[in-house]
Amino acid sequence: MLDFIYYPVSFILWCWHKVFGLVFGEANAVSWILAIIFLTFTVRGIMFKPFVNQVRSMKKMQDFAPEMKKVQKKYSNDRQRQAMEMQKLQKEHGVNPLGSCLPMLLQIPVFIGLNHVLRMFTINPYGGPKTENYFFDEAGVKSYVSAKLFGTNLGEAIYTGVDMVSGGNTAAGFHWGVAPVAIPLMIVASIATHLTARHSVQRQNPESATPQTAMMNKLTMYVFPIGVLVFGALFPLGLLFYWLANNGWTLMQQRLVYTKIDKEEEARKEAEKEKRASLGPKPGQKPAGPRPGQKPVQQKRNKQSGGGVKKAGSPHGFAQADASAAAEKKDTTNAAAEPSTNGSKENGADVPGLISDSTKKSGRKRR
């Protein structure tokens, strides 16, 4: 029914088992443990981008959480209108509520698929010896069954009363011989689950806290780790290694992504600060203004005289006009005095040392 999940999970596990089997041997428990761990890393690496989108979406939702509270308070009596306004607000901020749940939802099929593949190594629904398990052939099945970690098979669990979880590869009841290996793994996985949830809760904005979020934080920080510690007794050792690797990857990924987002936020705030500083006055600089008692400066308008001609490009048109008026006046005066001057020049009166013709004539007669 869920073969579309089982086959991809078994294929990834088969690939990594072949890689580490060349180094440690296919029947070695270390090869199977590393194959399970790197199966986890492969799946989480595929989901890395959705995880980054999840963190960004949660950050945006925390930023406009006060607006959401206002909407909830305003339409507290109208649930339908409240839901519409909340969707509108999320659309304006570009937030998809399902985006924050996608990585967690994608891990559930992988967990179910790996649990099913591991338990099917020892279960044959048709009876007889097991000859294949999805991508694994008979040799692969035998190598898994014979792999021992401190004398314990990776398919064994502390309690095998629940067949769907334990795999039904051993008799029902408690198997305390598995406890020395399983209990340390359960404790470490529980602590890793608590640290992962705590690191995520510390990133939340206090202003966005609601009774629902406070309850969820308590569940993820305390109830889930206790659940891993208690119900881990039902999981085979291989599944406990998956859980431990998954929480270790999540903790490392959170630190890297949160650090990157914090640096981007600081850079954005620094850019906005520099932009505001460039638009405002410099520190210590006084705004330029008129001095006390100073009259505002007004530009003088050039007035042309009646007969003046203003030359193009001259900033002092009034000077050109006065000069042209004086030139015209001088020409008029010269024109009025020209007849008498010409007459005197003809008679030689204006030229010193010259004697007029009439004087010369009278001197000759006197001689």
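Just above sits the structure.
Residues numbered from 1 in each chain as written. Predicted model: local features only at pLDDT ≥ 70, side-chain atom pairs only at ≥ 80, totals over all residues. Heavy atoms only, no water.

1. Side note on the overall build of the protein
Part 1: The helix and strand inventory of the protein stands at 13 helices and two strands.
Part 2: The buried share of the protein, taken over its 367 residues, is 34%.
Part 3: A sequence separation of at least 24 residues applies to 65% of the contacts in the protein between residues at least 6 apart.
Part 4: For the protein, the exposed surface amounts to about 24600 Å²; the carbon and sulfur share of it is 61%. (Helix = DSSP H or I, 4+ residues; strand = E, 2+ residues; numbered from the N terminus. Buried < 20%, exposed > 50% of the residue type's maximum accessible area, 1.4 Å probe, protein only. Contact = heavy atoms within 4.5 Å. Areas by Shrake-Rupley, 256 points an atom, 1.4 Å probe, with all protein chains shown as cover.)

2. A few points about helix α5 (residues 79-92)
Part 1: The first and last C-alpha atoms of α5 sit 20 Å apart over 14 residues, in line with the 20 Å expected at 1.5 Å per residue.
Part 2: Of all the positions in α5, only Q82, E85, M86, L89 and Q90 are classed as buried. Mapping the buried residues of α5 onto a view down its axis gives an arc of 135°, with all of them on the same face. Seen from the open side of α5, the exposed residues pointing more than 90 degrees away from its buried face are Q80, M84, Q87, K91 and E92. (Expected span 1.5 Å × (residues − 1). Arc of directions from axis to C-beta.)

3. Details of the nonpolar core
Part 1: Membership of the largest hydrophobic core comes to 41 residues, with the highest contact counts inside it found for L13, W32, L114, F121, L154 and L237.
Part 2: Elements that contribute at least two residues to this core include exactly α1 (3-24), α2 (29-46), α6 (102-119), α7 (138-146), α9 (179-202) and α11 (237-279).
Part 3: Considering each element in turn, this core owes the most residues, eight residues, to α2.
Part 4: For L237, the contacting residues outside a window of four places in its chain are T152, N153, L154, E156, V178, V181, A182 and L185.
Part 5: Counting residues in hydrophobic clusters, the runner-up holds six residues, among them F51, V257, Y258 and I261. (Core = buried A, V, L, I, M, F, W, Y, C linked by side-chain atoms within 4.5 Å.)

4. Overview of the packing of α1 against α2
Angle between the axes and distance between the axes: these two values describe a pair of packed helices.
Part 1: Interaxial distance between α1 and α2 falls to 8 Å at its minimum, and their mutual angle equals 135°. With respect to each other, α1 and α2 are oriented oblique. The two elements α1 and α2 meet at a crossing, and its hand is right-handed. Contact with α1, carried on its side by V9, I12, L13, W16, H17, F20, G21 and F24, involves V30, S31, W32, L34, A35, I36, F38, L39 and T42 of α2 and no other residues of that element. (Axes fitted to C-alpha atoms, helices over the stretch in contact; angles between N-to-C directions. Parallel < 35°, antiparallel > 145°, perpendicular 65-115°, else oblique. Left-handed = near helix turned anticlockwise from the far one by under 90°.)

5. Things to note about a nonpolar patch on the surface
Part 1: Together, I183, I187, I191, L195, I226, L229, V230 and F231 make up a nonpolar patch on the protein surface, roughly 710 Å² of accessible area in all.
Part 2: Structurally, V230 is set in helix α10 (residues 211-231). (Patch = residues over 30% accessible without salt bridge, like charges linked within 9 Å, V, L, I, M, F, W, Y side chains within 5 Å. Salt bridge = Lys/Arg side-chain N within 4 Å of Asp/Glu carboxyl O.)

6. Considerations on the pattern of salt bridges
Part 1: Across all of its chains, the model carries three salt bridges by this definition.
Part 2: Here K18 makes a salt bridge to E26, at a shortest N to O gap of 3.3 Å.
Part 3: Between K142 and E138 there is a salt bridge whose closest N-O contact spans 3.7 Å. Here the residue K142 and the residue E138 both occupy positions in helix α7, the gap between them amounting to four residues, near one helical turn.
Part 4: According to the relative accessible area criterion, E138 is partly exposed, its value standing at 34%.

7. Considering the side chain of N246
Part 1: Along the chain, N246 turns up in helix α11.
Part 2: Contacts of N246, omitting those with residues within four sequence positions, involve T40, R44 and Q107.

8. Details of the packing of aromatic side chains
Part 1: Overall, the coordinates contain 18 aromatic pairs when judged by the stated rule.
Part 2: Ring centres of Y6 and Y134 lie 5.7 Å apart, and the angle between their planes is 55°; on these two criteria the pair is classed as tilted. Of this pair, Y6 sits in helix α1 while Y134 sits in the loop between α6 and α7, and the two are 128 residues apart along the sequence.
Part 3: For Y6, a relative accessible area of 10% gives the class buried.
Part 4: A ring pair is formed by F111 and W243, whose centres lie 5.7 Å apart and whose planes are at 75°; its orientation type is edge-to-face. Taken together, the residues F111 in helix α6 and W243 in helix α11 connect sequence positions 132 residues apart.
Part 5: Looking at W243, the relative accessible area reads 25%, which means it is partly exposed.
Part 6: Ring pairs connect the aromatic residues Y6, Y7, F11, W14, Y134 and F135, which therefore count as one cluster. (Phe/Tyr/Trp six-rings, centres within 6.5 Å; stacked < 30°, edge-to-face > 60°.)

By themselves, these observations are geometric and do not establish any function.
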